[in-house]
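Given next are the chains, with one letter for each unit.
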Amino acid sequence: MECNFGLFGPQVVTGLILGFLYALIALGYTMVYGVLKLINFAHDVIFATGGIAVFYAFGMWFGITEPVSGVELLLVVGLSLLIGGIASSLSAAVLERFAYRPLRRRNAARLSYLITAIGASFFMTYMYQQNFLLGPGRRPFPNYMSRQSAVFEDLLGTRVTDIMFLLVITSIVCLIVLDRIINQTRTGRSIRALSEDITAAQLMGVNVDRVIVTTFVIGGFFAGIAGVLYGLRTGSVEFNMGFFPGLKAFTAAVLGGIGNIRGAVLGAVMLGLIESVSSVCIGSEWRNVVAFSVLVLVLVFRPTGLLGERMGG
Amino acid sequence: MDSLLKVNNVTMQFGGLRALGDVNFEIVEGEIFGLIGPNGAGKTTLFNCVTGVYAPTEGAVEFAGAPITGKRPDQIVDIGICRTFQQIRLFPNMTALENVIVGVDARHRTSVFGAIFRSPRRKREERESEDEALRLLDFCGVKRYANDLGRNLSYGDQRRLEIARALATKPKLVLLDEPAAGMNPVEKNGLRGLVRKIRDEGTTVLLIEHDMKVVMGLSDRVAVLDHGEVIAEGHPEEVQSDPKVIEAYLGTGGAATDGKAGQENSASDEPGTVSARAREPGGEK
């Protein structure tokens, strides 16, 4: 089967965009794994919470459902990202406090964490499915950003819409901010210390509970932003909207080396590219097969991922 | 002289194993207090009880007149006790400087928002933390490795870095768990100087040490732990000539038995009978 090179350029662009979205979600998986050695399988619902919060805030309460422009657009977009981020941070903090902390107090086995994570994920997902919340079907995401207008009409043969552009810029800003937090601030130092030796960190005066909640909050914030961007891009929210993006982001985190932040970004961008290029070269129905085959190959030949399992830069 | 740390009737029971039985001693402010005893005598367990890793089964630990039993390890650091580890536990992928700054940070409050929007106050604090950390690296003689990763330092320097990190929390009492282990004679000499310097700067030192030369030369007072019980306490010369101590270290009978078997019922045994086995005195004795 031959690649259709005419479509190659556009696939690289869409792959990159997809990759940045995965990266924002993957950060949460990788940071929580770094400090707790726990795969937080409920992270997909935390991601969804961001989009759902904006659906409620804008669609139901503020009534901002028509495209706006100019300064107003900047304010509205900023506000929506903030609302999504905060909602997801809160849900992540609640999850940590009520699902994981009790286990930590009892020194529970690794398996109990895993089961709890999966249980929490299902619990939250199907809460959203109840009729007093989202209900079973798709719901329209507030249309405050025009889906038609494009920044670049032709970039490598692709039409880059405002929404795509926003997604990439926001992701890059988030990644830079996180990198600074982790490598240059006191909070970041504590998170890294915890990920290297949790007992030693506590015995050097680090308040372990607080740092763990902070980690969930930071990871949740980025996932919430991703949830809003995803809602904008797909134009809808759904109770289980987090499932596939979450699974892909988790794959990306493992690909780059779980626990390693820069690895998660690298893995996410690679996964996005692989997925989108393979859908031209092989056929779009194969893209998930290819993506997860990559995961299997990495686990077989390089189980620590591309960059290995260390958090700092 | 005020007593700084008071260990009152501390007992630590792990299932059927009695690791510490009714341990009592006091550390006076400004001294170097040595805690010695054969392998498995309960020295590190006692450290863990003092620093909040374990809550003692019975008894209490008082620091500067206030009880500290049941507090979390990080709260105990806040109160003014910090430690090093027998098995080095640095943060291996952080630089030496960062390792120490983690200890300095423990004294500051953190907030995520302050971290993102770097206020002038925060920037000043960061600079102060860094200066303080550099001073401590210098104090411990490892300043030239400030930007090297913890795991790349030599063994002896890693021990010094651990001490610097512990001192960064500004403890009133620092607990050193076998700081000379694995050091060569030259490094041991240097370490003795460092421990004295720490005391002279006003920090009280509780020292676990296997090497008799190090501990006897340094300590103002010594307690000997055997099978979880204090069998002697006093000035190094007195303790050294105490028959019970000699027995514990060298054994009286000739029959060597398994060290762990004797521990389980050690509390009820008389020191003479339990220690009737040969044990290594450790170090270069």
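As a reminder, the structure under discussion sits directly above these lines.
About the criteria used
- Within each chain, residues carry numbers counting from 1 in the order of the written sequence.
- Chains and ligands are labelled sequentially in the order written, the chains with letters from A and the ligands with numbers from 1.
- Owing to the predicted nature of the model, reporting of local features is limited to residues with pLDDT of at least 70; listing and counting of side-chain atom pairs is limited to 80 or more, with chain, interface and lining totals taken over all residues.
- The side-chain quantities take in all heavy atoms of the structure and omit both hydrogens and water.
- Runs of H or I in DSSP of at least four residues are treated as helices and runs of E of at least two as strands, each being numbered from the N terminus.
- Relative accessible area decides the class of each residue, using a 1.4 Å probe on protein chains only: under 20% of the type maximum gives buried, over 50% gives exposed, and in between gives partly exposed.
- Residue contacts are counted whenever heavy atoms from the two residues lie within 4.5 Å of one another.
- Patches here: salt-bridge-free residues with over 30% relative accessible area, like charges joined within 9 Å, nonpolar side chains (Val, Leu, Ile, Met, Phe, Trp, Tyr) joined within 5 Å.
- Accessible surface is estimated by sampling points in the Shrake-Rupley manner with a 1.4 Å probe; for residues, cover comes only from the protein chains shown.
- Salt bridges are defined by distance alone: a side-chain nitrogen of Lys or Arg within 4 Å of a carboxyl oxygen of Asp or Glu.
- Accessible surface is computed with a 1.4 Å probe, and the buried area is the amount of it that two parts give up when combined, taken over both parts together.
- Residues adjacent in sequence count toward polar contacts only when both atoms are side-chain atoms; beyond that, a polar contact is any pair of N or O atoms within 3.5 Å, and within protein one must be able to donate a hydrogen and the other to accept it.
- Three classes are used: nonpolar for Ala, Val, Leu, Ile, Met, Phe, Trp, Tyr, Cys and Pro, charged for Asp, Glu, Lys and Arg, and polar for all others, with Gly counted as polar.

Some words on the overall build of chain B
Move 1: Of regular secondary structure, chain B possesses 11 helices and 10 strands.
Move 2: Taking all 285 residues of chain B together, 52% fall into the buried category.
Move 3: Long-range contacts, defined here as pairs at least 24 residues apart, represent 69% of the contacts in chain B between residues at least 6 apart.

Section: a nonpolar patch on the surface
Residues and elements named next belong to chain A.
Move 1: Taken together, the side chains of Val-151, Phe-152, Leu-155, Leu-156, Phe-165, Ile-169 and Val-173 present a nonpolar region at the surface, about 580 Å² in accessible area.
Move 2: Among the elements of the structure, strand S2 (150-155) and helix H5 (162-184) are those that each provide at least two residues to the nonpolar patch.
Move 3: Mapping Phe-165 onto the fold places it in helix H5.
Move 4: Residue classification places Phe-165 among the partly exposed positions, given a relative accessible area of 33%.

Observations regarding the interface of chain A and chain B
Move 1: Across the contact, 25 residues belong to chain A and 35 residues belong to chain B.
Move 2: Roughly 2,800 Å² is buried in total at the junction of chain A and chain B, and carbon and sulfur atoms are behind 56% of that figure.
Move 3: Of all residues in chain A, A:Arg186, A:Leu203 and A:Met204 give up the largest surface area on contact with chain B, accounting jointly for 31% of the area buried on that side.
Move 4: Summed over the shared surface of chain A and chain B, the number is 6 salt bridges.
Move 5: Residue A:Arg189 pairs with B:Glu126 through a salt bridge whose shortest N-O separation is 3.4 Å.
Move 6: Here chain A is connected to chain B by 7 residue pairs in polar contact (both at pLDDT 80 or more).
Move 7: Looking at the side of chain A that touches chain B, the elements that each hand over two or more residues are H5, helix H6 (186-196), helix H7 (198-203) and helix H8 (208-234) of chain A.
Move 8: It is H6(A) that provides the largest number of residues to the side of chain A that touches chain B, a total of 6 residues.
Move 9: Residue classes in the side of chain A that touches chain B are distributed as 8 nonpolar, 9 polar and 8 charged.

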